[in-house]
Amino acid sequence: MSSVSMTVNGKSVSADVEDRTLLVDFIRGNAGLTGTHVGCDTSQCGACLVLMNGRAVKSCTMLAAQADGAEVVTIEGVASGDQLHPVQAAFRDNHGLQCGFCTPGMIISAVDMINRCGPGLDEATIRHELDGNICRCTGYHNIVKAIKAAADEMSGTAAAAE
């Protein structure tokens, strides 16, 4: 057993867990947050993405003990109260989701992508950065469109273009 403590969406979460406990299971079981999904258990689909210390990580292949002391943000923590994060709003406005299973991971990936790459994201970069995120419902067109719109909004180029 290991004692694991981390901050999840601004709240301290601590628990004694088996050494083999995955971060996704800690989030879902100990923090009670079920927006982070388990889609493949092999780090292929991206449904389990969370931000750890500001960077996207696949929580289905990371041990909870590896996140001890970390700051973790899940899909539930991306919005600010009732105010959607610009990426969430862009997914809504651009129809960047269908069944919704991959959406939490796509949004976390997009937040990370925009934070790392900044303004000026083009379609080719977005598509390349989405490698490792699988959506079985769409052709990714509206997902890419949503991420581009969010990047433009967050950098202020959307308002400048109008």
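Residues numbered from 1 in each chain as written. Predicted model: local features only at pLDDT ≥ 70, side-chain atom pairs only at ≥ 80, totals over all residues. Heavy atoms only, no water.

Student: Sorry, what's going on with the pairing of strand E4 (residues 55-58) here?
Tutor: In the case of a regular strand, side chains alternate between the two sheet surfaces. Across four bridges, strand E3 (residues 49-52) lies against E4 in antiparallel orientation. Note that in E4 the partner of Met-52 across the bridge is Arg-55. Counting the residues in the hairpin turn of E3 and E4 gives two residues, including Asn-53, whose phi is positive at 50 degrees. (Pairing = 2+ DSSP bridges. Helix = DSSP H or I, 4+ residues; strand = E, 2+ residues; numbered from the N terminus.)

Student: Is there a simple way to think about the sheet that holds strand E2 (residues 11-17) in this case?
Tutor: Note: strands within a sheet are paired through backbone hydrogen bonds, in either parallel or antiparallel orientation. Reading across from one edge, E2-E1-E5-E3-E4 is the order of the five strands in this open sheet, with mixed pairing throughout. Either end of the sheet is taken by a strand with one partner, and the two such strands are E2 and E4. On average, each strand axis in the sheet is tilted by 40 degrees relative to the strand beside it, whichever way the strands run. Along the sheet face, helix H1 (residues 23-30) touches strand E1 (2-8), E2, E3 and strand E5 (71-73) and points at about 110 degrees away from the line of E2. Sheet contacts for helix H3 (residues 103-117): E3, E4 and E5; angle to E3, the most-contacted strand, approximately 40 degrees. (Axes fitted to C-alpha atoms, helices over the stretch in contact; angles between N-to-C directions. Contact = heavy atoms within 4.5 Å.)

Student: It is not clear to me how the pattern of salt bridges should be interpreted in this structure. Could you clarify?
Tutor: Note that side chains of opposite charge can pair when their charged atoms are close. Summed over all chains, the structure comprises seven salt bridges. Residues Asp-93 and Arg-92 are paired through a salt bridge, measuring 2.9 Å at the closest nitrogen-oxygen approach. Between Asp-152 and Lys-148 there is a salt bridge, with its nearest N and O atoms 3.0 Å apart. With Asp-152 and Lys-148 both in helix H5 (residues 141-155), this residue pair falls four residues apart, about one helical turn. A relative accessible area of 18% means that Asp-152 is categorised as buried. Here Lys-148 falls in the partly exposed class, since its relative accessible area comes to 30%. Each member of the salt-bridge network shares a partner with another, and the members are Arg-55, Asp-112, Arg-116 and Glu-129. (Salt bridge = Lys/Arg side-chain N within 4 Å of Asp/Glu carboxyl O. Buried < 20%, exposed > 50% of the residue type's maximum accessible area, 1.4 Å probe, protein only.)

Student: Looking at this model, I keep getting lost on unusual backbone geometry. Mind explaining?
Tutor: When glycine is set aside, most residues are seen to have a negative phi, and most peptide bonds are trans. Even without glycine at this site, Asn-9 takes up a positive phi of about 55 degrees. As for its position among the elements, Asn-9 is in the loop between E1 and E2. Phi at Ser-43 is positive, roughly 70 degrees, even though this residue is not glycine. Relative to the assigned elements, Ser-43 resides in the loop between H1 and E3.

Student: How should the environment of Gly-81 be read in this particular structure?
Tutor: Among the structural elements, Gly-81 can be located in the loop between E5 and helix H2 (86-93). On the accessibility criterion, Gly-81 (66% relative accessible area) is exposed. Through-space distance from the C-alpha of Gly-81 to that of Ser-3 is 30 Å; in sequence the pair is 78 residues apart.

Student: What is the right way to read the domain arrangement of the protein chain from this model?
Tutor: Interfaces are frequently sized by the accessible area removed from exposure as the parts join. Taken domain by domain, the protein chain holds domain 1 (2-77) and domain 2 (86-161). The C-alpha centroid of domain 2 is placed 22 Å from the C-alpha centroid of domain 1. Taken residue by residue, the interface counts 18 residues in domain 1 and 14 residues in domain 2. When domain 1 packs against domain 2, close to 1,300 Å² is buried across both sides, 64% of that on carbon and sulfur atoms. If you sort the residues of domain 1 by the area they bury against domain 2, Cys-45, Leu-49 and Ile-75 come out on top, with a joint share of 38%. One can count one salt bridge joining domain 1 with domain 2. A salt bridge links Asp-112 to Arg-55, with the shortest nitrogen-to-oxygen separation between them at 3.6 Å. Between the two partners, domain 1 and domain 2, sit five residue pairs in polar contact (both at pLDDT 80 or more). Those elements giving two or more residues to the side of domain 1 that touches domain 2 turn out to be E3 and E4. When its residues are assigned to classes, the side of domain 1 that touches domain 2 shows nine nonpolar, seven polar and two charged. (Domains from an automatic or database assignment. Buried area = accessible area lost by both parts, 1.4 Å probe. Polar contact = N/O pair within 3.5 Å; in protein donor to acceptor, adjacent residues only side chain to side chain. Nonpolar A, V, L, I, M, F, W, Y, C, P; charged D, E, K, R; others polar.)

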